[in-house]
Amino acid sequence: MSDSIPADLPAAEALRLADRAGAAARRPGELPRWYGPAFAFAFTAYGLGIGQVIEAGQFALIGGLAGGFAALTGGLARVAMRSDGIVRRGMPDGVGGPVALAVLAVCAASAAGMVLAWQVGGGPRWIGGAAGLAAGLTFWAGTGRLNRRVRRLTETD
């Protein structure tokens with residue numbers, strides 16, 4: 001019984017402890033550590049796959065690749081939602097703007113990767129791979145920044 005709360009705890013102190021425990025339970029946690037690398041892999045694989053399909057002229061497979069990408073990332077997001085992180089507990093105030101900027105950064109990085117690969121003379125495989133890799137690495141960096149932001153916001157509470 002050494003782990004229990006002493007019986008002579010004043011009611012006001014018990015209520016304060018309960019309020020702190022409740023606030024901690026509602027406070028958003030960080031994204032899981034595997035989230036960024038897993039999505040980086042998914043983006044890279046998708047970009048490489050699109051490049052391969054275009055190079056082979058099998059355009060009908062693009063829809064299947066998009067469905068596979070959606071299934072993989074949807075599954076990853078579902079697992080993240082079931083974890084005890086930011087997705088499950090809700091987005092804290094002050095994070096919406098950085099999330100929107102991260103989405104724009106992923107799109108811009110993907111476009112920049114495509115343009116760079118095209119400028120150096122890469123074929124569709126290289127262009128798709130560069131776009132996927134740039135998007136994936138940017139997404140990974142964005143999740144790291146989001147976790148740092150959530151950590152700072154929860155430290156001030």
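Look up a bit, the structure's there.
Computed from a prediction, not measured in an experiment: that's the story for all the values here.

Rules used throughout
Residues numbered from 1 in each chain as written. Predicted model: local features only at pLDDT ≥ 70, side-chain atom pairs only at ≥ 80, totals over all residues. Heavy atoms only, no water. Helix = DSSP H or I, 4+ residues; strand = E, 2+ residues; numbered from the N terminus. Buried < 20%, exposed > 50% of the residue type's maximum accessible area, 1.4 Å probe, protein only. Contact = heavy atoms within 4.5 Å. Areas by Shrake-Rupley, 256 points an atom, 1.4 Å probe, with all protein chains shown as cover. Phe/Tyr/Trp six-rings, centres within 6.5 Å; stacked < 30°, edge-to-face > 60°. Axes fitted to C-alpha atoms, helices over the stretch in contact; angles between N-to-C directions. Parallel < 35°, antiparallel > 145°, perpendicular 65-115°, else oblique. Nonpolar A, V, L, I, M, F, W, Y, C, P; charged D, E, K, R; others polar. Core = buried A, V, L, I, M, F, W, Y, C linked by side-chain atoms within 4.5 Å.

A count of helical and extended segments in the protein gives 6 helices and 0 strands. Secondary structure elements of the protein, listed N to C terminal, follow the sequence α-α-α-α-α-α. Relative to its full complement of 157 residues, the protein shows a buried share of 28%. For the protein, the share of sequence-separated contacts (at least 6 apart) that also reach a separation of at least 24 residues comes to 77%. For the protein, the accessible surface area stands at approximately 10000 Å², while carbon and sulfur atoms represent 65% of it.

Where two aromatic rings form a pair, the distance of their centres and the angle of their planes describe that pair. All told, the structure shown has 7 aromatic pairs when counted by the stated rule. Taking 4.8 Å as the distance between ring centres and 45 degrees as the angle between the ring planes, the aromatic pair formed by Tyr35 and Phe39 counts as tilted. Within this pair, Tyr35 and its partner Phe39 are both found in helix H2 (residues 35-56), separated by 4 residues, close to a single helical turn. We classify Tyr35 as buried; its relative accessible area is 11%. Both rings, one in Phe43 and one in Phe69, keep their centres 5.3 Å apart while their planes meet at 55 degrees; by these two values the pair is tilted. With Phe43 in helix H2 and Phe69 in helix H3 (residues 61-82), this residue pair connects regions lying 26 residues apart in the sequence. Residue class for Phe43 comes out buried when judged on its relative accessible area of 18%. Accessibility expressed as a relative area gives 19% for Phe69, which makes it buried. Ring pairs connect the aromatic residues Trp34, Tyr35, Phe39, Phe43, Tyr46, Phe69 and Phe139, which therefore count as one cluster.

Attention shifts here to the packing of H2 against H3. Close contact between H2 and H3 brings their axes to 10 Å; oriented N to C, the two are set at 175 degrees. Judged on the interaxial angle alone, H3 and H2 are roughly antiparallel. Across the interface between the two elements, Tyr35, Ala38, Phe39, Ala42, Phe43, Tyr46, Gly49, Ile50, Val53 and Ile54 of H2 pack against Leu61, Ile62, Leu65, Ala66, Phe69, Leu72, Thr73, Leu76, Ala77 and Ala80 of H3. Its residues assigned to classes, the contact of H2 with H3 comprises 18 nonpolar, 2 polar and no charged.

Now for the environment of Gly51. Among the secondary structure elements, Gly51 is positioned in helix H2. Its relative accessible area of 0% is what places Gly51 among the buried residues. Between the C-alpha atom of Gly51 and that of Arg125, which follows or precedes it by 74 residues, the distance is 3.9 Å.

Right, let's get into the nonpolar core. In this structure, Tyr35, Phe39, Phe43, Val106, Phe139 and Leu146 are the most contacted members of the largest nonpolar core, which totals 14 residues. Looking at this core, the elements with two or more residues in it are H2, H3 and helix H6 (124-155). Once you skip the residues sitting within four places of it in the chain, Val106 turns out to touch Phe43, Ala135, Thr138 and Phe139.

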